[in-house]
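# Summary of structural features
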Amino acid sequence: MSANHNENYDNEEISLGSQKGEKGKSFRGGKKKKRDSWYGYSDKDFQRWWHRKGKEEFSGKDLDNAQQAKEVYEYWESIGKPTVK
């Protein structure tokens, strides 16, 4: 690698370091447990279902607020609390 390429990489890394990705659309860093906010819905079966099935049914983004979390949880309960592997 040339020295010039390394300088460009360092500058890119510095400029990108201060930007956060948009919630639910890009990787924002940190551990999943810290990134995901469940708004009080800590049922592991619900969380597993959300990541593997429910997210696709609800716009493909993470839960944005407590109201949305409540609606999704109630939907999950209404369909019989399905479990996924």
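Bear in mind the structure is a predicted one, so any value in this text is a computation, not a measurement.

Cut-offs applied
- Residues numbered from 1 in each chain as written.
- Predicted model: local features only at pLDDT ≥ 70, side-chain atom pairs only at ≥ 80, totals over all residues.
- Heavy atoms only, no water.
- Axes fitted to C-alpha atoms, helices over the stretch in contact; angles between N-to-C directions.
- Helix = DSSP H or I, 4+ residues; strand = E, 2+ residues; numbered from the N terminus.
- Parallel < 35°, antiparallel > 145°, perpendicular 65-115°, else oblique.
- Contact = heavy atoms within 4.5 Å.
- Nonpolar A, V, L, I, M, F, W, Y, C, P; charged D, E, K, R; others polar.
- Buried < 20%, exposed > 50% of the residue type's maximum accessible area, 1.4 Å probe, protein only.
- 1 Å grid on protein atoms, 1.4 Å probe; cavity = no way out; pocket = protein on both sides within 12 Å on 5 of 7 lines; lining within 4 Å.
- Points joined across faces, edges and corners; volume = space filled by probe spheres on them.
- Salt bridge = Lys/Arg side-chain N within 4 Å of Asp/Glu carboxyl O.

The next point concerns the packing of helix H3 (residues 44–57) against helix H4 (residues 66–78). Their axes nearest at 11 Å, the elements H3 and H4 cross at an angle of 100 degrees. Judged by the inter-axis angle, H3 sits roughly perpendicular to H4. Listed contacts from H4 to Asp45, Phe46, Trp49, Trp50 and Glu57 of H3 are Val72, Tyr73, Tyr75 and Trp76. Of the residues contributing to the contact of H3 with H4, the split by class is seven nonpolar, no polar and two charged.

This next bit is on the environment of Asp64. By the secondary structure assignment, Asp64 is in the loop between H3 and H4. For Asp64, a relative accessible area of 39% gives the class partly exposed.

Take empty space enclosed by the protein next. Any empty space left between atoms is shown by rolling a water-sized probe over those atoms. With the rule as written, the count across this model stands at one cavity of 30 Å³ or more. There is about 40 Å³ of room inside the largest cavity. In this structure, the largest cavity is lined by Asp36, Ser37, Trp38, Trp50, Asp62 and Leu63. Taken together, the residues of the lining of the largest cavity break down into three nonpolar, one polar and two charged.

Attention shifts here to the side chain of Gln47. Note on placement: Gln47 falls in helix H3. The buried category is assigned to Gln47, whose relative accessible area is 10%. Excluding its chain neighbours within four sequence positions, the residues that come into contact with Gln47 are Trp38, Tyr41 and Ser42.

This part is about the pattern of salt bridges. With the rule as written, the count across this model stands at two salt bridges. Taking the shortest distance from any N to any O, the salt bridge between Asp45 and Arg48 comes out at 3.2 Å. One end of the pair is Asp45 and the other is Arg48, both in helix H3 and three residues apart, which spans about a single turn. Residue Asp45 is classed as partly exposed on the basis of its relative accessible area, which comes to 31%. For Lys55, the salt bridge goes to Asp62, with nearest N and O atoms at 2.7 Å.

Any link to function would need more than the numbers given here.
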